[in-house]
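Close look at the chain arrangement
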Amino acid sequence: MTKKKVKPGSNTIALNKRARHDYFIEGEIEAGLELQGWEVKSMRAGKANLSDSYVIFKNGEAFLFGASIQPLSVASTHVVCDPTRTRKLLLKQRELDSLFGKANRDGFTLIALSLYWKGAWAKVKIGLAKGKKQQDKREDIKEREWKVAKERIMKNARKG
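The model shown is predicted, which means the values in this text are computed figures rather than measured ones. (Residues numbered from 1 in each chain as written. Predicted model: local features only at pLDDT ≥ 70, side-chain atom pairs only at ≥ 80, totals over all residues. Heavy atoms only, no water.)

Within the protein one finds four helices and nine strands. Overall, the protein shows an N-to-C arrangement of helices and strands of β-α-β-α-β-β-β-β-β-α-β-β-α. Relative to the globule expectation of 15 Å for 160 residues, the C-alpha radius of gyration of the protein, 19 Å, shows a markedly less compact shape. Expressed along its principal axes, the backbone C-alpha trace of the protein runs to roughly 65 × 45 × 40 Å. In the protein, which comprises 160 residues, the proportion classed as buried is 31%. Contacts in the protein between residues at least 24 apart in sequence constitute 67% of all its contacts with a sequence separation of at least 6. Carbon and sulfur atoms make up 52% of the accessible area of the protein, which totals about 11,300 Å². (Helix = DSSP H or I, 4+ residues; strand = E, 2+ residues; numbered from the N terminus. Rg over C-alpha atoms; globule rule 2.2 N^0.38 Å. Buried < 20%, exposed > 50% of the residue type's maximum accessible area, 1.4 Å probe, protein only. Contact = heavy atoms within 4.5 Å. Areas by Shrake-Rupley, 256 points an atom, 1.4 Å probe, with all protein chains shown as cover.)

Within this structure, the stated rule accounts for two aromatic pairs. Geometrically, the ring pair formed by F57 and F100 is edge-to-face, given 5.2 Å between the ring centres and 85° between the ring planes. Taken together, the residues F57 in strand β4 (residues 54-58) and F100 in helix α3 (residues 93-105) connect sequence positions 43 residues apart. Under the relative-accessibility criterion, F57 is labelled partly exposed at 23%. (Phe/Tyr/Trp six-rings, centres within 6.5 Å; stacked < 30°, edge-to-face > 60°.)

Counting 28 residues, the largest nonpolar core has M43, L89, L115, V124 and I126 as the members making the most contacts within it. Counting residues per element, the ones that place at least two in this core are β1 (12-15), β2 (23-33), α2 (37-44), β5 (61-65), α3, β8 (109-118) and β9 (121-131). Contact partners of I126, with chain neighbours within four places excluded, come to G27, E28, I29, A31, V55, L89, L110, I111 and L113. (Core = buried A, V, L, I, M, F, W, Y, C linked by side-chain atoms within 4.5 Å.)

Quick look at α2 now. Of the positions making up α2, those classed as buried are W38, E39, S42 and M43. For α2, the angular spread of the buried residues around the axis is 135°, confining them to a single face. Seen from the open side of α2, the exposed residues pointing more than 90 degrees away from its buried face are G37, K41 and R44. Elements in contact with the buried residues of α2: β1, β3 (48-49), β6 (68-69), β7 (87-90), β8 and β9. Once α2 ends, the next one or two residues include G46, with phi positive near 80°. (Arc of directions from axis to C-beta.)

Model confidence for the protein is summarised by a mean pLDDT of 81, while 90% of its residues fall at 70 or above. Below pLDDT 50 for its whole length, residues 1-6 participates in one contact with residues either more than four positions away or in separate chains. (pLDDT = per-residue confidence, 0-100.)

Turning next to the pairing of β4. The two faces of a sheet get side chains in turn, since along a regular strand they alternate between them. Here five bridges tie β4 to β5, and the two strands are oriented antiparallel to one another. Looking at β5, one finds that I56 is bridged to F63. Taking the residues that link successive antiparallel strands as the turn, the β4-β5 hairpin has two residues, and the phi of N59 there is positive, at about 50°. (Pairing = 2+ DSSP bridges.)

Turning next to the side chain of S68. Within the element layout of this structure, S68 appears in strand β6. Polar contacts involving the side chain of S68 include one to the side chain of Q70, which spans 3.0 Å. For S68, the contacting residues outside a window of four places in its chain are K47, A48, N49, P83 and T84. (Polar contact = N/O pair within 3.5 Å; in protein donor to acceptor, adjacent residues only side chain to side chain.)

Written out as structure tokens, the structure is:
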């Protein structure tokens, strides 16, 4: 039996594109999400947004704060849909302890990088991040522009 070839990125629901611009990402970890039925349906329709979302700790548990999942217009009327509710992250105790320690002791911020499907399960990729200063952002932009210019020069050199 052969496995189906899945296109990379086809399982992605939402990306936090500002995260890599605003932060240095030191490490990544995958976590499950505790969702309600209407949220899963909305995510399948692509109505999720991760911009400005981060992880907070309460009573020894981790929660995703600031993520927005817009309800579908055909959602059930007897369920109260809160698009920006705080959602519990499903992590092992060892992972929770490690993240909690790094966030409190080492001064990291935990931000959501991407939301995707892994089989039938919704997963969120959390990044251990340190904030960039304006100078660092400018350096990244210069580096990116130099890469583009270098590619252009190499392409023209091959032609001529």
